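Chain by chain, the residues run as shown.
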Amino acid sequence: MQIFDRLRERFAMAGQGLAMAGKKNPWGSSGNKGGGSGGGDGATPPSGDGDKPEGPRNPWLPGGSSGDGQKRGGRRSASIEDIFKNRGPEGPRRGGGGGSGFRLPERPGGKSWVPIVIVSIGILFLILSSMHLVEPREKAVVKTLGNYSRTLDSGLHFTLPFPLETVDIEDVEGVRAVNIPGSGERAKLILTGDQNLVDLSYIVRWRIADLPDFKFQLAEPIETVNEVAEAAMRASVAEKTLDETFTGAGRAEIQQRVRERMQETLDAYRAGITVVGVEIEKADPPGDVVDAFRDVSVAEQDADRARNQARGYAQQTIAGAEGEAEAFDKVYEQYRLAPEVTRQRLYYETMERVLAQTDKTIVEADGVTPYLPLPELRRRANQSAEITARPQQNTQGQ
Amino acid sequence: MENLWTNYRWAIIAIVIVAIAFLMSAYIVEEEDQVVVIRTGEPVRTVNTPGGDSEAGLYLRIPLLESVRVIEKRVLDLEMTEEEVLSNDQQRLLVDAYARFRIVDPIRMVERAGTTDGVRTALEPILNSALRQELGRRTFAAMLTAERGTALANVRANLDREARQYGAEVIDVQIKRTDLPSGRPLESAFQRMESDREREARTIRAQGTRDARIIRAEADAEAARIYAESFGKDERFYDFYRAMQSYEQSFARGEGRGDSSIILSPDNEYLRQFRGRR
């Protein structure tokens, strides 16, 4: 009731302002205009406002107690009956202030608006609570007085209004994803079958398969999915060795097993949930031993490097052998055609090349062993090389 | 308005009284819940229990005399976190487990445990000890692997037997986590993993070296075969041919080779023509 009163005050103020500006009150009838603006507003609006003892108007205060109220001709306390009755043949009771500015248009027969307002609010509520738009991805469960009665598919549906039937709409097509461990959660190490630890993070994707089951079978379905996922993951990893969890094939198997296990468990709970997929995002060795794992991969690279080097050597060796053998074969072919000549030619050519580049001494006399000044020879050779080099240096110096 | 009141005063009063009485005695049982009606402290009837006749819906009770206790009908969970369990080979393991249960006999539950939380507190130590007992019979490795299926079935059966006394039914017991306790067990596991990896790295490196040697040796063998095949066609000519190459390599001047001086006897084959004989 007070709310109406307050509303009325607001409108009244607005009306007053408009009246002062010399405009028509949008809600008022012509009779009202005469009462509201003709009375005194035009003459003494500033004094009227100035009379007020308190600054802001207090809508909750009973009118009669304040000076404002007195000036308005003994406005009574907030009664909705008053507000709506203050019109009609006898005119507005309030003289000043333009308080009577707000008024609903007259209703034929002069009856109260209250029931109409209440009834229309009631009807609106009934319509809103009995009309349900279920989106294409959604379904809804309807409970009649708490008792599950039916499931609504997508579309516009009508049910009994609120206290009789309640409707709970849920997205059933949407796939929900849970990250485990969740963000902010510290990594959980999982024990593998060979009693090693692995740092796993994975995503479980699921959706609602049977809405009534989902709603009415588990007290905490989402929590349950997480727990079932964790139990299934740990059980599945425990069937594998550490190395298997790192390989693609092993991971795929684990994912598959986790999905099956989860589905089995959830079906046993009649959870109404389908596990769409389980994906292992990351399977890493625990942080404490990661160096040792890195060393293993370094060792693999070392081993590969050694093998590659050996392969390089092998190719080089074999190619060399093939080349040499091929060269021999070619020469041999020619040799076969003319053995003696070829042999002689090769002999002389080789001797030429060899002897052309060496110091030669031919000892003629039989039985005489002459002193061979080999070191001397060498020194002389070196000196001559120096002598020939020196003038060049000098000319360069000058 | 006043006419209405004066004319129908009693009717209005009657309607109001009936309405109040209805509001006081009616209650709605939701699909998710089951209800025990308690008359002066005594459970007298139930609504919407599993396997019961009555479904969820609108029901009446005697106002003031009967009160309604709402109990969850859906599956509830009971958690056990971070319990240290000793395996029969004296290894310690931290176990997180959960049990899923459902109230199937609400009257008994109300009498024996009061609320669902009461059931939880009653079952918690039982779950704990049942799990310990069952896992304690197994080795550490068996606790981790496939055998835990049967272990958990046993735990579930034990727990269910106890839970029945509180009007609850245990649907499932699962081990959520099995972890090594932090401190020495975890550290030694890490050390074992580390040494395992070291061994692996060593093996891999050794395998690499072995493979490299084999590859080299195979190449050498292949080269030898190629040489033999080619040179074996005429051993005498090969001897000559190779000797020529060898002389050139040994005596000819070249990078990194010493100077050579050759003393030739006049009888040398090379000087045969030089002497002008013949």
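Residues numbered from 1 in each chain as written. Chains lettered and ligands numbered in written order. Predicted model: local features only at pLDDT ≥ 70, side-chain atom pairs only at ≥ 80, totals over all residues. Heavy atoms only, no water.

### Focus: the overall build of chain B
The secondary structure content of chain B amounts to 7 helices and 9 strands. In chain B, which comprises 278 residues, the share counted as buried stands at 40%. Considering only residue pairs separated by 6 or more positions, chain B has 64% of its internal contacts joining residues 24 or more positions apart. As displayed, chain B offers around 15800 Å² of accessible surface, 50% of which is attributable to carbon and sulfur atoms. (Helix = DSSP H or I, 4+ residues; strand = E, 2+ residues; numbered from the N terminus. Buried < 20%, exposed > 50% of the residue type's maximum accessible area, 1.4 Å probe, protein only. Contact = heavy atoms within 4.5 Å. Areas by Shrake-Rupley, 256 points an atom, 1.4 Å probe, with all protein chains shown as cover.)

### Section: the sheet that holds strand β8 (residues 168-179) of chain B
Sheets are built from strands paired through backbone hydrogen bonds, the pairs being either parallel or antiparallel. All names here are of chain B. Pairing is antiparallel in the open sheet, where 3 strands are placed in the order β6-β7-β8. Of all strands in the sheet, those with a lone pairing partner are β6 (76-86) and β8, marking the two edges. If you compare each strand with its neighbour and ignore which way they point, the axes differ by 20 degrees on average. Of the pairings in the sheet, the one linking β6 to strand β7 (residues 92-103) comprises 9 bridges and is antiparallel in character. Residue Asp77 lies in a different strand from β7, and its bridge partner there is Arg100. Sheet strands touched by helix α3 (residues 116-136): β6, β7 and β8. Its angle to β6, the strand with the most contacts, is close to 35 degrees. (Pairing = 2+ DSSP bridges. Axes fitted to C-alpha atoms, helices over the stretch in contact; angles between N-to-C directions.)

### Structural notes on the environment of Ser129(B)
Structurally, Ser129(B) can be placed in helix α3. Separated by 26 residues in sequence, Ser129(B) and Val155(B) have C-alpha atoms that sit 9.3 Å apart.

### Some thoughts on unusual backbone geometry
All names here are of chain A. Put simply, Ile180 and Pro181 share a cis peptide bond, and its omega is -5 degrees. By secondary structure assignment, the location of Pro181 is in the loop between β6 (176-180) and β7 (189-191). A positive phi angle, near 50 degrees, is found at Leu145, a position not held by glycine. The topology assignment puts Leu145 in the loop between β2 (138-144) and β3 (147-152). Taking the relative accessible area as the measure of exposure, Leu145 reaches 21% and is therefore partly exposed. A positive phi is found at Arg270, a non-glycine position, where the angle reads about 50 degrees. Within the element layout of this structure, Arg270 appears in the loop between α10 (248-268) and β9 (273-284).

### So, the side chain of Arg234(A)
Relative to the assigned elements, Arg234(A) resides in helix α8 (residues 221-237). Of the polar contacts made by the side chain of Arg234(A), one reaches the side chain of Asp179(B); its length is 3.2 Å. (Polar contact = N/O pair within 3.5 Å; in protein donor to acceptor, adjacent residues only side chain to side chain.)

### Points about the interface of chain A and chain B
Reports often express the size of an interface as the amount of accessible area lost when the parts come together. Residue-level contacts link 88 residues of chain A with 86 residues of chain B. Each partner contributes to the roughly 8100 Å² buried at the junction of chain A and chain B, and carbon and sulfur atoms together form 61% of this total. Three residues stand out in chain A for area buried against chain B, namely Gln195(A), Glu227(A) and Phe328(A), and they jointly supply 9% of the buried area on that side. Across the contact surface, chain A and chain B share 11 salt bridges. Between Arg234(A) and Asp179(B) there is a salt bridge, with its nearest N and O atoms 3.2 Å apart. One can count 27 residue pairs in polar contact (both at pLDDT 80 or more) joining chain A with chain B. Residue contributions to the side of chain A that touches chain B peak at 29 residues, all from helix α11 (residues 290-337) of chain A. In this sheet, strand β9 (residues 261-264) of chain B lies alongside strand β10 (residues 359-362) of chain A in parallel orientation, the contact comprising 4 bridges. (Buried area = accessible area lost by both parts, 1.4 Å probe. Salt bridge = Lys/Arg side-chain N within 4 Å of Asp/Glu carboxyl O.)

### Concerning the nonpolar core
Counting 86 residues, the largest nonpolar core has Met233(A) and Met262(A) as its most contacted members. One finds Tyr347(A), Phe231(B), Phe237(B) and Met244(B) within the second-largest nonpolar core, a separate group that totals 16 residues. (Core = buried A, V, L, I, M, F, W, Y, C linked by side-chain atoms within 4.5 Å.)

### Overview of the confidence of the model for chain B
Detail in the predicted coordinates should be disregarded across regions flagged by low pLDDT. On average, residues of chain B carry a pLDDT of 85, and 94% of them reach 70 or more. Across the assembled chains, the prediction reports ipTM 0.74 with pTM 0.63. (pLDDT = per-residue confidence, 0-100.)

### Quick look at the packing of aromatic side chains
Here the structure, examined in full by the defined rule, presents 17 aromatic pairs over all chains. Ring geometry for Tyr332(A) versus Phe237(B): centroids 5.8 Å apart, planes at 40 degrees, classification tilted. Here Phe237(B) lies in helix α7 (residues 235-251) and Tyr332(A) lies in helix α11, a pairing that spans two chains. A relative accessible area of 0% places Phe237(B) in the buried class. The ring of Tyr98(B) has Arg100(B) sitting right over it, with the charged end atom 4.4 Å from the ring centre. Between Arg216(B) and the ring centre of Tyr313(A), over which it is positioned, the NZ or CZ distance is 5.3 Å. (Phe/Tyr/Trp six-rings, centres within 6.5 Å; stacked < 30°, edge-to-face > 60°. Lys NZ or Arg CZ within 6 Å of the ring centre and 35° of its normal.)

### What about the pattern of salt bridges?
Tallied over the full model, the rule gives 49 salt bridges over all chains. Between Glu349(A) and Arg345(A) there is a salt bridge whose closest N-O contact spans 3.2 Å. Of the two residues, Glu349(A) and Arg345(A) are both situated in helix α12 (residues 339-356); the distance of 4 residues between them amounts to about one turn of the helix. In this structure, the salt-bridge partner of Asp105(B) is Arg108(B), at a minimum N-O distance of 3.9 Å. Asp105(B) sits in the partly exposed class, given a relative accessible area of 30%. By relative accessible area, Arg108(B) is classed as partly exposed at 33%. One connected set of salt bridges, linked through shared partners, spans Glu227(A), Asp77(B), Glu79(B), Arg100(B) and Lys176(B).

### A short note on the pairing of strand β8 (residues 197-208) of chain A
Side-chain positions along a regular strand alternate between the two faces of the sheet. All names here are of chain A. For β8, the buried fraction is high: 10 of the 12 residues fall into the buried class. Two elements, β6 and β8, share 5 bridges in a ladder whose sense is antiparallel. Counted as the bridge partner of Arg176 is Trp206 from β8. Two elements, β7 and β8, share 3 bridges in a ladder whose sense is antiparallel. Residue pairing in the sheet places Ile190 in a bridge with Val198 of β8. The hairpin formed by β7 and β8 contains 5 residues between the paired strands, and Gln195 there has a positive phi angle of roughly 60 degrees. As judged from the 10 bridges shared by β8 and β9, these two strands associate in the antiparallel manner. When the bridges of β9 are listed, Arg205 appears paired with Gly277.

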